[in-house]
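Coordinates in review
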Amino acid sequence: MTAPWKRSTRFGWLAGAIGVAVLALSLVSFNDDSIAQSTAARVQSPGSFADVIETVSPAVVNITVTKVETASPTAFQFSTPPGMRGQEFPFEDFFGRFFEGEKGRAPQRRSEGQGSGFIIDASGYIVTNNHVAGDAEEIAVTLQDGRKFDATLVGRDARTDLALIKIDASGVPFVAFGDSDTARVGDWVVAIGNPFGLGGTATAGIISARGRDVALTDNDSNDYLQLDAPINFGNSGGPVFNTAGQVVGVNTAIFSPNGGNVGIGFAIPANQVKEIVAELRESGSIERGWLGVQIQNLDDDLADSLGLDGTNGALVVEVVADSPAAKGGVQAGDVVTRFNGQEVDSSRTLSRSVARAPASQPARLTVWRDNRSRELTVELGQAEQGEAVAASSPVPGQSGSGALGLTLQSLTDEVRAQLGLPSSVEGALVTNVLPDSTAAEKGLRPGDVITRVNQRAVTGVADAIAALNAAKESGENALLLVRRGDSQRFVALSFQ
């Protein structure tokens with residue numbers, strides 16, 4: 001039999017242990033409750049968006065536009081290259097895109113479209129998308145109270161997809177811009193617009209991501225806000241409000257595999273909109289710096305081929321003739337690592353830096369060439385004039401295949417004509433790419449033209465095969481300059 005005092009001692013220790021455990025659990029529970037309460041206080045959603053919507057809705061407008069469009073051709077003519085007539089041509093669909101049928105111009109037609117916008121001051125200035133109003137012949141604006149006005153285009157900017165229009169009115173309700181730089185992922189937002197022609201529609205959600213770099217336009221300078229608030233056709237150009245009723249973004253596009261809303265929309269940040277709108281209001285257009293190069297990002301294979309440590313920088317694929325870059329000594333194959341003293345980590349960074357730099361001013365470039373850095377000075381041009389030059393500037397037989405999964409054919413004058421290539425372009429035409437091959441993995445496809453291999457010019461299939469074999473024997477990657485349509489890019493292929 002256990003002595004009473006021993007039993008008491010045992011139970012005392014047990015009670016103490018239980019007490020300590022309870023205390024510990026109490027402390028953990030207390031701490032968890034404190035974190036939960038603190039988090040709840042920070043993210044508590046508003047009980048209703050009604051006050052915000054009621055306040056800002058009178059400044060949101062419906063926009064109806066009339067445009068003249070060129071109808072798409074219904075059929076294409078196609079001519080098979082010599083030596084392949086009567087055979088299945090592996091890139092007929094590719095060539096077909098370059099032809100518009102018989103002589104004559106495609107018919108034109110008038111079409112109507114709808115979008116959204118918002119008034120930014122009492123004198124009737126309205127912000128919307130360029131793709132809504134930029135090319136319109138007629139622009140009509142309807143206010144929430146039912147008043148209708150004809151609007152005129154003040155200015156537009158295709159690269160940011162923004163347009164500024166004006167109605168002849170005074171004392172109209174307007175809204176103010178907020179600071180989009182302070183907007184955070186998870187912040188509540190409200191979108192108001194004209195989806196499917198149903199004016200005055202409000203939807204709510206959160207900012208689901210910031211700094212999205214997506215190919216929505218030819219623009220390289222946007223850091224889009226991604227929203228999960230439902231956005232649909234007709235919301236384009238409409239405002240995105242924070243809970244204080246300030247505009248933090250302008251709806252510009254949706255991501256949709258089937259044409260309907262899937263909870264991924266993109267808005268231009270308000271701080272960028274403010275800068276563009278101010279310049280449009282003053283001069284009607286945007287002046288940007290122009291370098292005159294086509295660039296791409298580096299991957300590990302490209303960096304290794306060029307002797308670089310890391311993938312930072314922008315690889316120059318093509319230099320436009322008589323451009324600022326050409327006059328400043330920039331060459332295809334250069335990697336721009338710094339611009340005006342600032343590090344360039346990607347092609348997007350360089351594009352944005354150049355666009356923001358003033359035209360007709362010298363810019364300092366650090367480029368990597370032949371395994372060493374060089375310093376260049378380039379006087380930038382003006383983007384709009386430069387793009388017109390780039391669009392009109394020309395860019396200067398037997399078959400074989402290799403382990404890379406490529407089948408090549410020499411260019412002929414007829415094939416050049418079918419591809420829309422200048423007669424001066426030389427290279428090896430890709431006629432087939434094996435599935436699951438190295439070339440297929442890197443995105444090569446029939447119709448591509450290989451113009452250089454490891455910085456050596458390619459005048460035909462023999463040159464291409466010789467250069468590829470030399471790279472394989474030396475254990476190097478093959479650095480290809482590939483032309484597709486009017487653009488070029490570098491591709492690094494590995495034989496391993």
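Residues numbered from 1 in each chain as written. Predicted model: local features only at pLDDT ≥ 70, side-chain atom pairs only at ≥ 80, totals over all residues. Heavy atoms only, no water.

1. A look at the overall build of the protein
Along its length, the protein carries 12 helices and 27 strands. Across the 496 residues in the protein, those meeting the buried criterion constitute 44%. Carbon and sulfur atoms form 49% of the exposed surface of the protein, whose accessible area is close to 25600 Å². (Helix = DSSP H or I, 4+ residues; strand = E, 2+ residues; numbered from the N terminus. Buried < 20%, exposed > 50% of the residue type's maximum accessible area, 1.4 Å probe, protein only. Areas by Shrake-Rupley, 256 points an atom, 1.4 Å probe, with all protein chains shown as cover.)

2. Some words on the pattern of salt bridges
Tallied over the full model, the rule gives nine salt bridges. Its salt-bridge partner being Arg156, residue Asp135 comes within 2.9 Å of it at the nearest N-O pair. Linking Asp135 in the loop between helix H4 (130-133) and strand S4 (138-142) with Arg156 in strand S5 (residues 148-157), this pair joins segments that are 21 residues apart in sequence. Several salt bridges share partner residues, and in doing so they unite Asp299, Asp301 and Lys442 into one network. (Salt bridge = Lys/Arg side-chain N within 4 Å of Asp/Glu carboxyl O.)

3. Here we look at unusual backbone geometry
Generally, phi is negative for residues other than glycine and the peptide bonds are trans, each holding for most cases. In this structure, Asp161 is a non-glycine residue whose phi angle is positive, near 60°. With respect to the helices, strands and loops of the structure, Asp161 is situated in the loop between S5 and strand S6 (162-167). For Asp161, a relative accessible area of 5% puts it in the buried group. Residues other than glycine seldom take positive phi values, yet Asn454 does so here, at roughly 50°. Secondary-structure assignment places Asn454 in the loop between strand S24 (449-453) and strand S25 (456-457).

4. Points about the sheet that holds strand S11 (residues 247-254)
Ordered by their spatial adjacency, six strands build a closed barrel running S7-S8-S9-S12-S11-S10, and the pairing between neighbours is antiparallel. Neighbour-to-neighbour, the strand axes of this sheet turn through a mean angle of 45°, independent of strand direction. Of the pairings in the sheet, the one linking strand S9 (residues 224-227) to strand S12 (residues 265-269) comprises three bridges and is antiparallel in character. In the strand pairing of S12, Leu227 is matched with Gly265. Those strands touched by helix H5 (residues 270-283) are S11 and S12, and its axis lies near 55° from that of S12. (Pairing = 2+ DSSP bridges. Axes fitted to C-alpha atoms, helices over the stretch in contact; angles between N-to-C directions. Contact = heavy atoms within 4.5 Å.)

5. A word on the pairing of strand S27 (residues 487-493)
Burial analysis of S27 places five of its seven residues in the buried class, the great majority of the element. Relative to S27, strand S26 (residues 478-484) runs antiparallel, the two sharing seven bridges. Directly across from Val482, in S27, lies its bridge partner Arg489.

6. A few points about the side chain of Arg288
Structurally, Arg288 can be placed in the loop between H5 and strand S13 (289-290). Within the local environment of Arg288, its side chain forms a polar contact with the side chain of Asp157, the two groups lying 2.5 Å apart. (Polar contact = N/O pair within 3.5 Å; in protein donor to acceptor, adjacent residues only side chain to side chain.)

7. Some remarks on a nonpolar patch on the surface
A surface patch of nonpolar side chains, about 350 Å² in accessible area, is lined by Phe196, Leu198 and Phe233. Along the chain, Phe233 falls in the loop between S9 and strand S10 (239-241). Relative accessible area serves as the criterion here: at 47%, Phe233 is assigned to the partly exposed category. (Patch = residues over 30% accessible without salt bridge, like charges linked within 9 Å, V, L, I, M, F, W, Y side chains within 5 Å.)

8. What about the pairing of S4?
Looking along a regular strand, one sees side chains alternate from face to face of the sheet. Here S4 shows a clear split, with Ile139 and Val141 buried on one side and none of Glu138, Ala140 and Thr142 buried on the other. As judged from the four bridges shared by S4 and S5, these two strands associate in the antiparallel manner. Pairing of Val141 across the sheet is with Phe149, part of S5. What sits between the antiparallel neighbours S4 and S5 is a turn of five residues, in which Gly146 has the positive phi angle 95°.

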